[in-house]
Amino acid sequence: MTSLFKQPLNVINVGIEMFSDDLKKQHIPVTHLSWTPPGQGNIEVIRALDKIESNASLQEKIAVANAQALERIIQSQPVLIGYDQAINVVPGMTKNTILHAGPPVAWKDMCGAMKGAVTGALVFEGLAKDLVDAERVAASDEIIFSPCHEHDCVGSMAGVTSASMFMHIVENKTYGNRAFTNLSEQMAKILRMGANDQSVIDRLNWMRDVLGPMLRDAMTFVGEIDLRLMLAQALHMGDECHNRNNAGTTLLIQALTTGIIQTNFSVAQQKEVFDFVASSDYFSGPTWMAMCKASMDAAHGIEYSTVVTTMARNGYEFGLRISGLPGHWFIGPSQQVIGPMFAGYKPEDSGLDIGDSAITETYGIGGFAMATAPAIVALVGGTVDEAVDFSRQMREITLGENPNVTIPLLGFMGIPTAIDITKVAASGILPVINTAIAHKDAGIGMIGAGIVHPPFECFEQAMLAYAQKYA
C-alpha cells in the first residue's frame, strides 16, 4: 500500500464530484465518472423499474409501442401552410382566453414574467384599460387560463397567447394533425419575456395589423414550406434551432420573400417587415417549436409507450406528458437556469425556468443538438467540448436517432430522438435544455441565457403512474 502511493496516480472518481475537485487542486490527474444510482436512489422508482423489467409480456408491448412512437416522430413531415389569428384557428380559443406556457397554473401562482405577459396581453386585447386594471381582470373570473399544449399550441417563454395574435399554422402531412404558435417579437424587451410597457403594446399592434396579415397573404403565393427539410439544412449551417437561429431565419425569410413582395402591402411596409426580421435571428425560433409540436403530438396517446411527448415549464412548475399516459401532467418545481447574465444583472435577478420551447429538446434539437452549433456556448455558457458531449449523452436516454436531421460533427449521427422515461429513471441522466432567462419581476424582459435540466420528480411521478397502470 505504501509503495502504491509513492507512484504517480491516475485516479478515477465515482460519485461525489468534490473528491475529484480536491485532487485537481493537488495537481493529481483525475477522471470523474458521473454516476447516480437507479431512480436516483428512490426505492419506489427502483421497484417500478423492476416490475416493468421482470414482466416479459409487458416488455414486448412496450417495445412495440415505443417502436411505433419513434416511427411516428421520424416519419412526421411538418409543413408551414399559413398564418392566421388565434381566434380563427386555435382549438378552444375565445376572446377572453389566455393561453400560457407549461402545465396548468393559476393566476396567483404565476411568476413575475408570466404575470407581466398576461397583463400586457389583456391591455393589448382591450380587455383591460391599463396594467393596473389588467391585474384586477386577471384575478377575476372573467379570463380563462389554459396551457398552450392543451390547445395544439406551444408558446415561447411565458407563452402568453391571446385571441387576435397571429399564429403559425403547421400541418403534419404524414398524420394530418396541426400545431400552432405565435410570431416572434424578436428579443429582449418583449411580451413573452414579461415586458409590457407601451413600446411592447405598440409592437404587438403592428404585428397584428401589418406583419401577421402580410405573412398570411404571402403564404397564398408560397403554398407550403417543408420545415423538416429546412431544419436539417439549418443544423448543417450551424444552428441548433432553439436559441441559435441564424441559419434558420435566413432560410425561412428567403422562402417567404417571393410571397411577401407579391402582396398588396406597400413597399414601405414590406421594408418594415424585412427590417424587423433582420433585427434578430430569433424570427424562425417559434417556427421550429410548432414543427416539433406537430411531430411529437403524432406520437402521443400510444398505449404502453414510455416516450416523453411534452416538456414544458411555466416559471413555477415543470411538466411532462407521456405518450402512454395521455391526459396527465407529471409535475416538479421549475429549476434555476445556469448561464451568463447580461451586464448589470445577477443570478438572483433571474426567474425560474419557463417556456414551451423545450418541445425542441423533446424532439431532439436545441440542447440535444448543440454539437451542431458550437457557437451557442457564447450565449448559454460552457465549452465546445461540453456542447458536443451533451449530444452524445442524450443518446443514452432516447430510443433512437432521427436520420432526417443529422449532426455533421458526430459523423452525421441522427439527432437523439424520443426520450424514454425508463432510460432516464434507470440512468439518472436528465434531458438537457438550453434556454433564455427572464427577469423574476414583471415588466423587464430577458436578462441572460443558460442550461437547465428538468427536476427528477417529474420522472419519478411518471414512472410510478406508469407502473401502477401497466405493471
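Here the structure is shown first, and the text comes after it.
Residues numbered from 1 in each chain as written. Predicted model: local features only at pLDDT ≥ 70, side-chain atom pairs only at ≥ 80, totals over all residues. Heavy atoms only, no water.

### Comments concerning the overall build of the protein chain
Next, step 1: When helices and strands are tallied, the protein chain shows 17 helices and 16 strands.
Next, step 2: In terms of overall dimensions, the protein chain is globule-like: its C-alpha atoms have a radius of gyration of 23 Å, near the 23 Å expected for 471 residues.
Next, step 3: Along the three orthogonal principal directions, the C-alpha set of the protein chain runs to about 85 × 55 × 45 Å.
Next, step 4: Counting over 471 residues, the protein chain shows a buried share of 56%.
Next, step 5: For the protein chain, long-range pairs separated by at least 24 residues make up 71% of all intrachain contacts whose partners lie at least 6 apart in sequence.
Next, step 6: Accessible surface, the protein chain as shown: approximately 18500 Å² in total, 53% of it carbon and sulfur.
Next, step 7: If the 31 positive side-chain charges of the protein chain are averaged to one point and the 48 negative ones to another, these points end up 1 Å apart. (Helix = DSSP H or I, 4+ residues; strand = E, 2+ residues; numbered from the N terminus. Rg over C-alpha atoms; globule rule 2.2 N^0.38 Å. Buried < 20%, exposed > 50% of the residue type's maximum accessible area, 1.4 Å probe, protein only. Contact = heavy atoms within 4.5 Å. Areas by Shrake-Rupley, 256 points an atom, 1.4 Å probe, with all protein chains shown as cover. Lys, Arg positive; Asp, Glu negative; His and termini not counted. Charge placed at Lys NZ, Arg CZ, Asp CG, Glu CD.)

### With respect to the packing of aromatic side chains
Next, step 1: Summed over the entire model, instances satisfying the criterion amount to four aromatic pairs.
Next, step 2: Ring geometry for tyrosine 304 and tyrosine 470: centres 4.6 Å apart, planes at 35°, overall tilted. Pair noted here: tyrosine 304 is in the loop between α12 (285–297) and β9 (308–314) and tyrosine 470 is in helix α17 (residues 456–470), with a separation of 166 residues, a long-range link. With respect to class, tyrosine 304 is no different from tyrosine 470; both count as buried.
Next, step 3: With 4.6 Å between their ring centres and 45° between their planes, tyrosine 466 and tyrosine 470 make a pair best called tilted. Pair noted here: tyrosine 466 and tyrosine 470 are both in helix α17, with a separation of four residues, about one helical turn. Tyrosine 470 matches tyrosine 466 in its accessibility class, with the two residues each being buried.
Next, step 4: An aromatic cluster of at least three residues, connected via ring pairs, comprises Tyr304, Tyr466 and Tyr470.
Next, step 5: For lysine 115, the ring lying beneath its charged end belongs to tryptophan 107, and the centroid distance is 5.1 Å.
Next, step 6: For the cation-ring pair, arginine 321 lies above tryptophan 329, with the distance from its terminal atom to the ring centre recorded as 5.3 Å. (Phe/Tyr/Trp six-rings, centres within 6.5 Å; stacked < 30°, edge-to-face > 60°. Lys NZ or Arg CZ within 6 Å of the ring centre and 35° of its normal.)

### Some words on the pairing of strand β4 (residues 97–100)
Next, step 1: Going residue by residue along β4, you find Thr97 and Leu99 tucked away on one face and Ile98 and His100 tucked away on the opposite face as well.
Next, step 2: As judged from the four bridges shared by β4 and strand β5 (residues 144–147), these two strands associate in the parallel manner. For histidine 100, the partnering residue across the bridge sits in β5 and is proline 147. (Pairing = 2+ DSSP bridges.)

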